[in-house]
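Here are the chains, one letter per residue:
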Amino acid sequence: MADDLFSPALSAAAEHATRYLAGLGERPVEGPATVDDLRAALDVPLPDGPVDAAEVVRAVAEAAEPGIVATGSPRYFGFVIGGALPAAVAADWLATVWDQNAGLTVGGPPAAVVEEVAGRWVLDLLGLPRDASFGFVTGCQMAHVTALAAARHHVLAKMGWDVERDGLAGSPPIRVLAGEDRHATIDRALRFLGIGTNAVEAVPSGPDGRMRVDALAAALAGPTEPIPTIVCAQVGEVNTGAIDPVAEICEVAHEAGAWVHVDGAFGIWAAASPTRRAALAGIERADSWATDFHKWLNVPYDSGFAVCAHPASHRAAMGTQAAYLVHAEPDGPRDQMDWNPEFSRRARGFAVYAALRSLGRSGVADLVDRCCALAQRFADRLGALDGVEVLCDVALNQVLVRFHAPDGDPTFTPRVIDAVQASGECWMSGTTWQGAPARRISVVNWQTTEADVARSVAAIERAMRAQL
Ligand SMILES: Cc1ncc(COP(=O)(O)O)c(C=O)c1O
C-alpha cells in the first residue's frame with residue numbers, strides 16, 4: 001500500500017516532533033552541541049545506495065537535536081524570532097505533504113484560495129486598504145524587494161520611464177529618503193533592485209528614535225525639479241520598537257509626490273490591537289507595507305507579506321507570462337506569481353491561514369497586548385536591579401538594557417550576555433546602541449508568561465553577580 005511507504009518516516013518525525021515540542025519549555029534554550037559536534041554527527045560519507053527513510057529521519061533528528069536552538073521556547077528573546085502556533089505548525093506539515101506549487105492557481109487551487117482569504121483577513125486586521133494587493137513571500141526582506149519594486153515602477157512611470165522594459169541604465173535617478181535607524185534589509189532591497197545604497201539620504205531620528213518629520217520635509221523641499229522619490233518609514237525599530245509618525249510622514253511625502261513604504265516587520269501587528277492601534281495612526285495612508293508572519297504572528301519560518309496600495313504598479317513589477325503557463329481566468333482566483341518575486345514556491349499560505357483562524361481577531365490582539373505588557377514587566381523588573389540601565393521607554397515589545405560593573409568595565413554587558421546564554425535559561429541578543437554594547441530583549445512568543453519573565457530576570461541577576 002502506498003501509505004506504507006510514508007508512514008514509518010512520518011511516524012518517526014511525528015514522534016520526535018511531539019517530544020521536542022512538549023519539552024520546549026524546559027529544555028536549555030541554547031543547545032549544548034557545538035558546530036564541531038554537529039559536524040562530527042552529521043558529516044558522514046554520502047551513502048553508496050538507498051537508506052531506509054525512517055532510519056534517515058531518526059538519524060537526522062538524533063544528530064541535530066543537541067544543537068537545536070529552542071527558538072520556540074517561551075524564554076527565547078533573541079533577534080525578533082516568534083514561536084510557532086500549534087495550528088500553524090500542523091497546517092505547515094500539510095503544506096509539505098500536499099506539496100503544491102503555489103505559483104499558479106492551477107498548481108494548487110486551495111493554496112491560491114487560502115492566500116486570497118488570509119491576505120484579506122490581514123488587511124482587515126491591520127486596517128490597511130481593502131483593495132490593496134499583496135504577496136506571500138519568505139520574509140520581510142523579500143517583502144521590501146517586492147514593495148520597493150512596485151515603488152520603483154510607480155515613481156519612474158510617472159516620469160515616463162518603463163523600468164521593467166528599459167532597466168535603470170539612463171533612467172531618471174531615484175531618491176530614497178529613509179530613517180537613519182532603518183533596518184539593514186531596506187538597503188539590501190535597494191541593492192537588489194539596482195537603485196543602490198548611494199541613492200539613500202538618511203533622515204535623522206529624534207531622541208525617541210522616531211524619524212524627524214521636519215527633517216524629512218526639509219529634504220523633500222530641497223530639489224526644484226521633480227525627482228522620483230521613495231520615503232521609507234518604519235513602525236517598530238529593531239532595538240527600541242520605536243514607531244515613526246507615519247501619518248505626518250505620508251502628509252509631507254505625498255505633498256511632494258513621493259511614495260511611502262512602511263517597514264512593519266513586527267511593529268505593524270500593533271495595529272491589530274485596539275489598545276495599541278493609535279500609535280500607528282495613519283499607516284493606511286502609505287503606498288506599500290512589508291511585514292512578517294514568522295515574527296509576531298508566530299507562524300513557522302519562512303513567511304512574510306508585501307502589501308501595495310497600487311495594484312497596477314505591484315503587478316507591473318512582479319507579473320509574468322510564459323506560453324506554457326496556465327493562468328487563471330481574469331475574474332478567477334489570483335495567480336500568486338503575479339504578486340511575488342518567486343516563480344515556483346511553497347504553499348506558505350496554509351500556515352498563515354491556520355494561525356489567523358486559530359487565534360481569531362481577539363487572539364491576535366491578546367498576543368500583541370500580552371507581549372507588550374511582558375516587555376514592560378521585563379523593563380520594570382530589570383530596572384529595579386542594581387547595575388542595570390533600561391535604555392529607552394518600552395514602545396512595544398522590545399526592551400533595550402545595558403549592564404554596568406562598579407568598575408565601569410565595558411566588557412561587562414557582553415560577558416553577562418554570554419553567561420546568561422550559557423546558562424540555557426533564556427536567550428537574548430546583543431547589539432550596539434549609541435556606541436556601546438547593549439542587550440535586546442524581544443518578547444514575541446505566544447507561550448511566554450509572567451513566570452518566564454521572572455525566571456529570566458533571576459538568571460540575568462545571577463549572571464551579573466557571577467561576572468563581578
Ligand atoms: C524592522 C525590521 N525590518 C526587517 C526585518 C527583516 O525581516 P526578515 O528577517 O523576516 O527578512 C527585521 C528583522 O528583524 C526587522 O526587525
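Enquirer: Would you mind going over the packing of aromatic side chains in detail, with residue names and values included?
Expert: How two aromatic rings sit relative to each other is set out by the distance from centre to centre and by the angle between their planes. All chains considered together, the criterion is met by 11 aromatic pairs. Relative to Phe305, the ring of Phe293 lies with its centre 5.1 Å away and its plane at 45°, an arrangement referred to as tilted. Of this pair, Phe293 sits in the loop between β6 (288-292) and β7 (304-308) while Phe305 is found in strand β7, placing the two residues 12 residues apart along the sequence. As far as burial versus exposure is concerned, Phe293 and Phe305 are alike and both buried.

Enquirer: Give me the lowdown on helix α5 (residues 109-126), citing residues and values where you can.
Expert: Three or four residues apart is the spacing at which side chains of an α-helix point the same way, because the helix has 3.6 residues per turn. Over its 18 residues, α5 runs 26 Å from end to end, which matches the ideal 26 Å to within 8%, given 1.5 Å per residue. Where α5 terminates, the next one or two residues include Gly127, which has phi positive at roughly 70°.

Enquirer: Could you give an account of the pairing of strand β3 (residues 200-203), naming the residues involved and the relevant values?
Expert: Alignment of strand β2 (residues 175-179) against β3, held across 4 bridges, turns out to be parallel. Each bridged residue has a counterpart across the sheet, and for Leu177 the counterpart in β3 is Glu201. Once the chain exits β2 it traverses helix α8 (residues 184-192) before rejoining the sheet at β3, and the crossover so formed is right-handed.

Enquirer: Before we move on, could you go through unusual backbone geometry and cite the residues and values that matter?
Expert: In this structure, Asp302 follows Tyr301 across a cis peptide bond, with omega equal to -10°. Relative to the helices and strands, Asp302 is located in the loop between β6 and β7. In the Ramachandran plot, Gln434 falls in the positive-phi region, its phi being about 45° despite a non-glycine side chain.

Enquirer: Tell me about the site of the ligand, residues and numbers included.
Expert: The environment of the ligand is made up of 14 residues, and the closest members are Gln141, Asp263, Asp292, His294 and Lys295. A distance of 2.7 Å is found between a nitrogen atom of the ligand and a side-chain nitrogen or oxygen belonging to Asp263. One of the side-chain N or O atoms of His294 is found 2.8 Å from an oxygen atom in the ligand. The class makeup of the residues in the shell around the ligand is 4 nonpolar, 7 polar and 3 charged.

Enquirer: Describe the nonpolar core, naming the residues involved and giving the relevant values.
Expert: Core analysis: the biggest nonpolar cluster contains 89 residues, and Trp269 and Phe378 have the highest contact counts within it. With 14 residues, helix α12 (residues 349-383) is the largest single contributor of residues to this core. Phe378 has contacts with Phe77, Gly383, Val399, Met428, Ile441, Val443, Val453, Ser456 and Val457, leaving out every residue within four places of it along the chain. Counting residues in each nonpolar core, the second largest holds 24 residues, with Val145, Leu148, Ile186 and Leu193 among its members.

Enquirer: Can you explain the sheet that holds strand β8 (residues 388-390)? Please cite residues and give values.
Expert: The strands that make up a sheet are held in pairs by hydrogen bonds between backbone atoms, and each pair lies either parallel or antiparallel. Read across the sheet, 4 strands follow the order β8-β9-β11-β10 without closing on themselves; strand pairing throughout is antiparallel. The outermost strands of the open sheet, each flanked by one partner alone, are β8 and β10 (429-433). Put simply, the sheet's adjacent strands are angled 40° from each other on average, direction ignored. By the bridge criterion, 4 bridges tie strand β9 (residues 398-403) to strand β11 (residues 436-442) in an arrangement that is antiparallel. Paired with Gln398 across the bridge in β11 is Ser442. Where α12 meets the sheet, it contacts β8, β9 and β11, and its direction lies at approximately 15° from that of β9. Against the sheet, helix α13 (residues 412-423) touches β9, β10 and β11, its axis set at about 35° to β11.

Enquirer: Outline the sheet that holds β7, listing residues and values.
Expert: Pairing is mixed in the open sheet, where 7 strands are placed in the order β1-β7-β6-β5-β4-β2-β3. Of all strands in the sheet, those with a lone pairing partner are β1 (133-137) and β3, marking the two edges. In this sheet, neighbouring strand axes are inclined to one another by 20° on average, regardless of whether the strands run parallel or antiparallel. In this structure, β1 lies alongside β7, joined through 5 bridges in antiparallel fashion. Bridging across to β7, Ser133 finds its partner in Cys308. Across the sheet, helix α9 (residues 213-221) touches β2, β3 and β4 (229-234), and the angle it forms with β2 is around 170°. On the sheet, helix α11 (residues 311-318) packs against β1 and β7 and is oriented at approximately 40° with respect to β1.

Enquirer: Describe the confidence of the model for the protein chain, with residues and values.
Expert: A residue-level look at the protein chain finds 99% of positions with pLDDT of 70 or above and a mean pLDDT of 96. Mean pLDDT values for the elements of the protein chain range from 88 in β10 up to 99 in β6.

Enquirer: Run through the packing of helix α4 (residues 86-98) against α12, naming residues and quoting values.
Expert: Axis separation between α4 and α12 bottoms out at 8 Å; the angle between their running directions is 155°. One finds that α4 runs roughly antiparallel with respect to α12. The element α4 and its partner α12 pack so that their crossing is right-handed. Between α4, through Ala87, Ala88, Ala91, Asp92, Ala95 and Trp98, and α12, the contact on the second element is made entirely by Phe350, Ala351, Ala354, Ala355 and Ser358. For the contact of α4 with α12, the residue count by class is 9 nonpolar, 1 polar and 1 charged.

Enquirer: Now, about helix α10 (residues 246-255): what can you tell me, with residues and values included?
Expert: Among the residues of α10, Val246, Ile249, Cys250 and Ala253 are the ones counted as buried. For α10, the buried positions fall inside an angular range of 100° around the axis, keeping them on one side. Summarising the contacts, the buried residues of α10 are in contact with α9, β4 and β5 (259-263).

Thresholds, definitions, all that
- Residues numbered from 1 in each chain as written.
- Predicted model: local features only at pLDDT ≥ 70, side-chain atom pairs only at ≥ 80, totals over all residues.
- Heavy atoms only, no water.
- Phe/Tyr/Trp six-rings, centres within 6.5 Å; stacked < 30°, edge-to-face > 60°.
- Helix = DSSP H or I, 4+ residues; strand = E, 2+ residues; numbered from the N terminus.
- Buried < 20%, exposed > 50% of the residue type's maximum accessible area, 1.4 Å probe, protein only.
- Expected span 1.5 Å × (residues − 1).
- Pairing = 2+ DSSP bridges.
- Right-handed = clockwise from strand over helix to strand, strands pointing away.
- Near = heavy atom within 4 Å.
- Polar contact = N/O pair within 3.5 Å; in protein donor to acceptor, adjacent residues only side chain to side chain.
- Nonpolar A, V, L, I, M, F, W, Y, C, P; charged D, E, K, R; others polar.
- Core = buried A, V, L, I, M, F, W, Y, C linked by side-chain atoms within 4.5 Å.
- Contact = heavy atoms within 4.5 Å.
- Axes fitted to C-alpha atoms, helices over the stretch in contact; angles between N-to-C directions.
- pLDDT = per-residue confidence, 0-100.
- Parallel < 35°, antiparallel > 145°, perpendicular 65-115°, else oblique.
- Left-handed = near helix turned anticlockwise from the far one by under 90°.
- Arc of directions from axis to C-beta.

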